[in-house]
Amino acid sequence: MEEEARKLLEEGIRKKLISPGKGELSTFPHGTKVIFHYRTSLCDGTVLDDSRTMGGNSKPMELILGKKFKLAVWERVVISMKQGEIAEFTCDTKHTALYPLVSQSLRNISVGKDPLEGQRHCCGIAQIHSHHSLGHGDLDQLQANPQPLVFTIELLEVLPPGSYQLDMWAMSDQEKLDLVPQIHEEGNMLFKQGKVKEASEKYYNAIACLKNLQMKEHPGDGGWIKLDLMITPLLLNYCQCLLQQGQYYEVIEHCSSLVFKYEDNVKAYYKRGKAHAAVWNEKEARADFAKVLELDPSLEASVNKELRAMEEKLRSKQQEEKGRYKGLFDYNARPAAATTG
């Protein structure tokens, strides 16, 4: 262990053992899955991230060794640990320059967002040297002023290759492409079974996977367009789930992005029309349903049904409001004047 600590020190990593682990040190072959909790601090003790509290989930970090994780120093330090060990690693700036981007992705994941949300279409080093905000003041400051960081890590589990199911994020690009149709079909099956929430999660995961691949392509190029055409039906299915869950404004947002790119997408106009109708946007709903009929007159019966339902809701709302304010401006209903004895 002293020899390993010396090697780490030569690499600009100072290790402090807090609690020893159990058993023998693993050989950590490529493909080993490590699961650990981490806390990231500045050298003055200021905590930036803590996996036990991030997003209120207490979800540990999972890494597949050899998959070229963006923050390579994490792979370097965990292979010096035994399962169950807790240790503190103070790492020189050369190891921590990309941490702001990694932290942004992890924070996004912890609250259910796309891990790449807010990142520009360029490599990590280019983003580090840009003035693009990461959406978090502490990360912007760290990005502008790179410095050593302290990682306190508790190694929970070490799983050898072949003993676990590979997570999507750890797959190669081709493995992700091959898996997307399967996830799509699983989502369809769940939707048919009435498990709308579970289906939406499947569609969301498939979309996130394809968007991850799309980030590696130049917008408008053949590869980018091909991936976008794969994303579109998944996004429409996702919007159908959102409609049934009452997430109308999110449907409007997603469908607007689709019709901006694909002006003849009937399904996007139809779903956006339904969402507008649900939030009392009568003018916008009528415009979308008119566009649906323009693109596909065979949908007239369905559109008329949606219009009748919207008109009925509007009449009911008007009646409710009329009853609520009845008498407020009725000057014939003034109270009788008070009399004196």
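Residues numbered from 1 in each chain as written. Predicted model: local features only at pLDDT ≥ 70, side-chain atom pairs only at ≥ 80, totals over all residues. Heavy atoms only, no water.

The next thing to look at is the overall build of the protein. Broken down by element type, the protein carries 13 helices and six strands. Among the 341 residues that make up the protein, the fraction classed as buried is 40%. Counted over contacts in the protein with a minimum sequence separation of 6, partners at least 24 positions apart contribute 69%. Accessible surface, the protein as shown: approximately 19,700 Å² in total, 53% of it carbon and sulfur. (Helix = DSSP H or I, 4+ residues; strand = E, 2+ residues; numbered from the N terminus. Buried < 20%, exposed > 50% of the residue type's maximum accessible area, 1.4 Å probe, protein only. Contact = heavy atoms within 4.5 Å. Areas by Shrake-Rupley, 256 points an atom, 1.4 Å probe, with all protein chains shown as cover.)

This paragraph deals with the nonpolar core. Among the nonpolar cores identified, the biggest contains 43 residues, and Leu210, Leu234 and Val251 are the most heavily contacted of them. Every element with two or more residues in this core is listed here: α7 (173-192), α8 (196-214), α9 (222-244), α10 (248-261), α11 (266-278), α12 (282-295) and α13 (300-324). Looking at this core element by element, the count peaks at 10 residues for α9. In this structure, Leu210 is in contact with Leu177, Val180, Leu227, Met230, Ile231 and Leu234, ignoring residues within four places of it in sequence. Grouped together as the second largest cluster of nonpolar side chains are 30 residues, Tyr38, Met81, Cys91 and Val102 included. (Core = buried A, V, L, I, M, F, W, Y, C linked by side-chain atoms within 4.5 Å.)

Those places that UniProt annotates as "repeat: TPR" (unreviewed entry) correspond, in this numbering, to residues 266-299. With 79% helix and 0% strand, the stretch residues 266-299 has end C-alpha atoms that lie 10 Å from each other. (UniProt positions renumbered as here; feature names shortened; annotations may be inferred.)

With that out of the way, let us pick up the side chain of Arg272. With respect to the helices and strands, Arg272 occurs in helix α11. One polar contact links Arg272 to Asp288, side chain to side chain, over a distance of 2.8 Å. Not counting chain neighbours up to four residues away, the residues in contact with Arg272 comprise Ile252, Cys255, Ser256, Val259 and Asp288. (Polar contact = N/O pair within 3.5 Å; in protein donor to acceptor, adjacent residues only side chain to side chain.)

This next bit is on the pairing of strand β5 (residues 86-91). In this sheet, β5 lies alongside strand β1 (residues 13-19) in antiparallel orientation, the contact comprising six bridges. Residue pairing for β5: Lys15 is matched across the bridge by Phe89. Pairing of β5 with strand β6 (residues 149-159) involves six bridges; the strand directions are antiparallel. Across the sheet, residue Phe89 finds its bridge partner in β6, namely Phe151. (Pairing = 2+ DSSP bridges.)

With that settled, consider the pattern of salt bridges. Following the criterion strictly, the structure yields 19 salt bridges and no others. In this structure, the salt-bridge partner of Arg286 is Glu282, at a minimum N-O distance of 3.1 Å. Residue Arg286 and its partner Glu282 are both found in helix α12; the two are separated by four residues, about one turn of the helix. Connected through shared salt-bridge partners, Glu3, Arg6 and Glu10 make up one network. (Salt bridge = Lys/Arg side-chain N within 4 Å of Asp/Glu carboxyl O.)

Okay, the packing of α9 against α10 next. Running from amino to carboxyl end, α9 crosses α10 at an angle of 155°, the nearest separation of the two axes being 10 Å. In terms of their interaxial angle, α9 and α10 are classed as roughly antiparallel. Two packed elements cross with a definite hand, and for α9 against α10 that hand is left-handed. Facing α9, whose interface residues are Trp224, Asp228, Thr232, Leu235, Leu236, Tyr238, Cys239, Leu242 and Leu243, α10 presents Tyr248, Glu250, Val251, His254, Cys255, Ser257, Leu258 and Lys261. Classifying every residue of the contact of α9 with α10 gives 11 nonpolar, three polar and three charged. (Axes fitted to C-alpha atoms, helices over the stretch in contact; angles between N-to-C directions. Parallel < 35°, antiparallel > 145°, perpendicular 65-115°, else oblique. Left-handed = near helix turned anticlockwise from the far one by under 90°. Nonpolar A, V, L, I, M, F, W, Y, C, P; charged D, E, K, R; others polar.)

It is worth spelling out α11 at this point. The end-to-end C-alpha distance of α11 is 19 Å, a good match for the 18 Å that 13 residues give at a rise of 1.5 Å each. Counting buried residues along α11, 11 of its 13 residues qualify, which places the element largely inside the surrounding structure. Taken together, the buried positions of α11 are Val266, Ala268, Tyr269, Tyr270, Lys271, Arg272, Gly273, Ala275, His276, Ala277 and Ala278. Buried residues along α11 sit in contact with α9, α10, α12 and α13. The residue sitting at the N-terminus of α11 and contributing the capping side-chain oxygen is Asn265; that oxygen lies 3.3 Å from the backbone nitrogen of Lys267. Where α11 terminates, the next one or two residues include Trp280, which has phi positive at roughly 70°. (Expected span 1.5 Å × (residues − 1).)

What follows is about the packing of aromatic side chains. Here the structure, examined in full by the defined rule, presents eight aromatic pairs. Taking 6.3 Å as the distance between ring centres and 65° as the angle between the ring planes, the aromatic pair formed by Trp74 and Tyr99 counts as edge-to-face. Residue Trp74 is located in helix α2 (residues 72-78), and its partner Tyr99 is located in helix α4 (residues 99-110); the two are separated by 25 residues in the primary sequence. In this structure Trp74 comes out as buried when scored by relative accessible area, which is 0%. Exposure remark for Tyr99: the relative accessible area of 0% places this residue in the buried category. Ring geometry for Trp74 and Phe151: centres 5.7 Å apart, planes at 80°, overall edge-to-face. Highlighted residues: Trp74 in helix α2 and Phe151 in strand β6, separated in sequence by 77 residues. Of the aromatic side chains, those joined through ring pairs into one cluster are Phe36, Tyr38, Phe69, Trp74, Tyr99 and Phe151. When the ring centre of Trp280 is taken as origin, the NZ or CZ atom of Lys313, which lies over that ring, is 4.9 Å away. Geometry around Trp280 places Lys317 over its ring, the cationic atom sitting 4.4 Å from the centre. (Phe/Tyr/Trp six-rings, centres within 6.5 Å; stacked < 30°, edge-to-face > 60°. Lys NZ or Arg CZ within 6 Å of the ring centre and 35° of its normal.)

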